[in-house]
Amino acid sequence: MTGSAPLTAAELQTHAAEAAAHPRCADCTALQQPGWESISGAMQTSHLQCVGALGSAADWEQLDEYHPHGTSLWSTDAPIALGWHPYTRCTLWRCPRCAGAFLRYTEYGGYYEDERIRPLQAGLIVEPGNTD
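Computed from a prediction, not measured in an experiment: that's the story for all the values here. (Residues numbered from 1 in each chain as written. Predicted model: local features only at pLDDT ≥ 70, side-chain atom pairs only at ≥ 80, totals over all residues. Heavy atoms only, no water.)

1. Some points on the overall build of the protein chain
Point 1. Tallying secondary structure elements over the protein chain gives two helices and seven strands in all.
Point 2. Each helix and strand of the protein chain, placed in order from N terminus to C terminus, yields the pattern α-α-β-β-β-β-β-β-β.
Point 3. Whereas a compact globule of 132 residues would reach a radius of gyration of roughly 14 Å, the protein chain reaches 14 Å, a difference of no more than 12%.
Point 4. Structurally, the protein chain occupies a C-alpha span of about 40 × 35 × 30 Å along its principal axes.
Point 5. Going through the 132 residues of the protein chain one by one, you find that 44% of them count as buried.
Point 6. Expressed as a percentage of contacts within the protein chain between residues at least 6 apart in sequence, the contacts between residues at least 24 apart total 67%.
Point 7. Distance between charge centres in the protein chain, computed from 7 positive and 15 negative side chains, equals 9 Å. (Helix = DSSP H or I, 4+ residues; strand = E, 2+ residues; numbered from the N terminus. Rg over C-alpha atoms; globule rule 2.2 N^0.38 Å. Buried < 20%, exposed > 50% of the residue type's maximum accessible area, 1.4 Å probe, protein only. Contact = heavy atoms within 4.5 Å. Lys, Arg positive; Asp, Glu negative; His and termini not counted. Charge placed at Lys NZ, Arg CZ, Asp CG, Glu CD.)

2. Points about the pairing of strand S6 (residues 113-119)
Point 1. Of all the seven residues making up S6, five are buried; the element is thus mostly covered by neighbouring parts of the structure.
Point 2. In this structure, strand S1 (residues 37-38) lies alongside S6, joined through two bridges in antiparallel fashion. Bridge pairing in S6 links Ser 38 to Arg 116.
Point 3. Two strands pair when backbone bridges link them, and strand S5 (residues 101-108) and S6 are joined in this way by seven bridges, in the antiparallel orientation. Of the residues in S6, the one forming a bridge with Leu 103 is Arg 118.
Point 4. In this antiparallel pair of consecutive strands, S5 and S6, the connection spans four residues. (Pairing = 2+ DSSP bridges.)

Shown next, in the form of structure tokens:
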């Protein structure tokens, strides 16, 4: 990762713009789903490089989600809300070949772990205040 400070909205916007300017390579095409997807064994992710985290260790316990327009975690148009779950636990990953940018996090259920991935889309990035 590029340091311990969480990535900013401006940095995410830059990565999203770079990704949008290039077509996805063959390895990233299968990852280019519109919303969060569980990473299956058929998905190739080893080519992606971690850029950094969206949250810090202090944010880990933030489990509230931000959906002011009635979306849900699984909605394809759900906001990428900095400071809110699951983005407090996300990392940004980039493809060195096509500049594809993807958010990843692991959902920890009582008896399972589910690694998830979502493309970074500039139009969905928001930075609302927390409810503290």
